[in-house]
Amino acid sequence: MKFNTKAIHGGQKYEETTGAVMTPVFQTSTYAQSSPGVNKGYVYSRAANPTRTALENAFASIENGTRGFAFSSGLSAIDCVLRLLKPGDEVIAGNDLYGGTYRMFTRLFHKYGLNFKFVDLGEISNVTNAVSDSTKLIWIETPTNPLMKIVDILGVTNAIKNKDTTILIAVDNTFATPYLQRPLDLGVDIVMHSATKYLGGHSDLVMGALMVKDEELAEELHFIQFAAGAIASPMDSFLALRGIKTLHLRMQRHCENGLAIANFLKEHKQVSDVYYPGLESHPNHEIAKKQMDDYGGMVSFRLKDESKKATFKFLESTKLFTLAESLGGVESLVNHPSTMTHASIPEEERVKIGITDSLVRLSVGVEDIDDLLDDLAQALER
């Protein structure tokens, strides 16, 4: 199946008892057994639930994986990956990544004995030079949050796997979605999503996802999820499955609107820098063109007036762009990374990588583009 068809039908079948086309919400914790250990494939909903199973099959299908897993949040999905490791193991990660990921790495798992190196993943040599005998995981975000840097997934994968096939490579594919890029096809071991964002698509659930191809790795992840219990609920699974069925339609509009807004901001007199991989001026545009089918709906930019006062004035002046955490819904959102999504990163580290007071992140929705451009224009002129 091509992707647009797969988003609707991938891994899915009608419900056998009633013939329901859409998988029902199986709001149950336990299941009847005809004899001890004799069941219909479901025993207890922490291990598996039919609604969650349908969603996990869809997760695997859209990322070209063999197994998918639905978690109670994106961070719980990352937590599951890190539990594959043991004290003394090392993780190499990008120096521009979601603040919640950074917080989990440095304030939780570091005290449990994992070591973390943060490098610029834009240069493959930075990754290979950082690898040591203790390295067990490479953690990649691309595009990165919030500076929209692009990492050459295939380049990193080839360089690492040629050096040590035991090192796992994981990609946070939240910003791109499998509509735009499919890291498993580029040789990585694990794909992670905050399904709260584009996969759900309607700002009405919190969920994480993992997708893999290797069955042995899948069994390890399933055991950790079962033992730790960070599962997605049946209702949230239903909502996410419904969201996936329109992912391709929404992403088309997100991409169209994102490019239009990036081009508008690039020419605006109040704006200094625009970060969008679809612009030819983006330093990683050629890599993005190689590994992505389009460029998404996330745009970051910097105001020429670098004061926090000027930035807050803009943030408080938008009408259609709602000032809020999160991203990836049908509605447009505006975010101030240094005080919101990335506030958990120490200021010194934020400034070093370019997350300053004048940086603004947009999650461009699917509204009419003329209305969105008008909103940004009036807010920038205040």
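Structure shown above.
Definitions and cut-offs
Residues numbered from 1 in each chain as written. Predicted model: local features only at pLDDT ≥ 70, side-chain atom pairs only at ≥ 80, totals over all residues. Heavy atoms only, no water. Helix = DSSP H or I, 4+ residues; strand = E, 2+ residues; numbered from the N terminus. Buried < 20%, exposed > 50% of the residue type's maximum accessible area, 1.4 Å probe, protein only. Contact = heavy atoms within 4.5 Å. Areas by Shrake-Rupley, 256 points an atom, 1.4 Å probe, with all protein chains shown as cover. Lys, Arg positive; Asp, Glu negative; His and termini not counted. Charge placed at Lys NZ, Arg CZ, Asp CG, Glu CD. Pairing = 2+ DSSP bridges. Axes fitted to C-alpha atoms, helices over the stretch in contact; angles between N-to-C directions. Patch = residues over 30% accessible without salt bridge, like charges linked within 9 Å, V, L, I, M, F, W, Y side chains within 5 Å. Salt bridge = Lys/Arg side-chain N within 4 Å of Asp/Glu carboxyl O. Core = buried A, V, L, I, M, F, W, Y, C linked by side-chain atoms within 4.5 Å. Phe/Tyr/Trp six-rings, centres within 6.5 Å; stacked < 30°, edge-to-face > 60°. Lys NZ or Arg CZ within 6 Å of the ring centre and 35° of its normal. Right-handed = clockwise from strand over helix to strand, strands pointing away. Parallel < 35°, antiparallel > 145°, perpendicular 65-115°, else oblique. Left-handed = near helix turned anticlockwise from the far one by under 90°. Nonpolar A, V, L, I, M, F, W, Y, C, P; charged D, E, K, R; others polar.

(A) Main features of the overall build of the protein. When you go through the protein residue by residue, the secondary structure sums to 14 helices and 12 strands. Taking the principal axes of its C-alpha atoms as reference, the protein extends roughly 75 × 50 × 35 Å. The 382 residues of the protein split such that 54% are buried. Intrachain contacts of the protein at a sequence separation of at least 6 include 72% that bridge at least 24 residues. Element-wise, carbon and sulfur atoms account for 51% of the exposed surface of the protein, whose accessible area totals about 16100 Å². Across the protein, the mean location of the 38 positive side-chain charges is 3 Å away from that of the 47 negative side-chain charges.

(B) Seen up close, the sheet that holds strand E8 (residues 271–275). The mixed open sheet is built from 5 strands, whose spatial order is E8-E9-E12-E11-E10. Strand pairing shows two members of the sheet lacking a second neighbour, E8 and strand E10 (322–323), which therefore form its edges. Relative to strand E12 (residues 359–363), strand E9 (residues 298–303) is paired through 5 bridges, and the arrangement is antiparallel. Residue pairing in the sheet places Met298 in a bridge with Ser363 of E12. Sheet strands touched by helix H12 (residues 308–315): E9, E10, strand E11 (333–335) and E12. Its angle to E9, the strand with the most contacts, is close to 140°.

(C) How the structure looks around a negative patch on the surface. Taken together, the side chains of Asp368, Asp370, Asp371 and Asp374 make up a negatively charged region of the molecular surface. Along the chain, Asp370 turns up in helix H14 (residues 369–380).

(D) Just the nonpolar core, in detail. In terms of nonpolar packing, the biggest core is built from 79 residues, with Phe59, Phe301, Phe314 and Leu362 touching the most fellow members. Among the elements that make up this core, the one with the highest residue count is helix H10 (residues 247–267) (6 residues). Other than its neighbours up to four places away in sequence, Phe314 contacts Phe301, Leu303, Val334, Val360, Leu376, Ala379 and Leu380.

(E) Molecular detail of the environment of Leu259. Relative to the helices and strands, Leu259 resides in helix H10. With 216 residues separating them along the chain, Leu259 and Val43 place their C-alpha atoms 48 Å apart. Excluding its chain neighbours within four sequence positions, the residues that come into contact with Leu259 are Tyr276 and Gly278.

(F) Quick look at the sheet that holds strand E6 (residues 190–194). Across the sheet, which stays open at both edges, the 7 strands sit in the order E1-E7-E6-E5-E4-E2-E3 with mixed pairing between neighbours. If you trace the sheet from one side to the other, it starts and ends with strand E1 (67–71) and strand E3 (115–119), each paired once. Averaged over all pairs of adjacent strands, the angle between strand axes in this sheet comes to 20°, irrespective of strand direction. Note: E6 against strand E7 (residues 208–212), 5 bridges, orientation antiparallel.

(G) Expanded view of the packing of aromatic side chains. For the structure shown, the criterion picks out 7 aromatic pairs. Relative to Phe314, the ring of Phe301 has its centre 5.6 Å away and its plane inclined at 85°; by these criteria the two rings are edge-to-face. You can see Phe301 sitting in strand E9 and its partner Phe314 sitting in helix H12, a full 13 residues away along the chain. By relative accessible area, Phe301 is classed as buried at 0%. Residue class for Phe314 comes out buried when judged on its relative accessible area of 2%. Chaining the aromatic ring pairs together yields one cluster made of Phe105, Phe116 and Trp139. Looking at Arg46, its charged tip hangs above the ring of Phe226, at a distance of 4.7 Å from the centre.

(H) Layout of the pairing of strand E2 (residues 90–94). Extensive coverage of E2 is indicated by the burial of 5 of its 5 residues. Pairing geometry for E2 and E3, over 5 bridges, is parallel. From the neighbouring strand, Ile92 faces E3, where its bridge partner is Lys117. Handedness of the crossover joining E2 and E3 through helix H4 (residues 99–109) is recorded here as right-handed. Bridge analysis of E2 against strand E4 (residues 135–141) gives 4 bridges, and the strand direction is parallel.

(I) Focus on the packing of H10 against H14. One can describe the packing of H10 onto H14 by two numbers: an axis separation of 10 Å at closest approach and a directional angle of 30°. Between H10 and H14, the angle falls in the class roughly parallel. When the axes of H10 and H14 are compared, the crossing they make is right-handed. Listed contacts from H14 to Asn257, Ala260, Ile261, Phe264 and Leu265 of H10 are Ile369, Leu372, Leu373, Leu376, Ala377 and Leu380. Residues that form the contact of H10 with H14 fall into these classes: 10 nonpolar, 1 polar and no charged.

Structural measurements only, silent on function.
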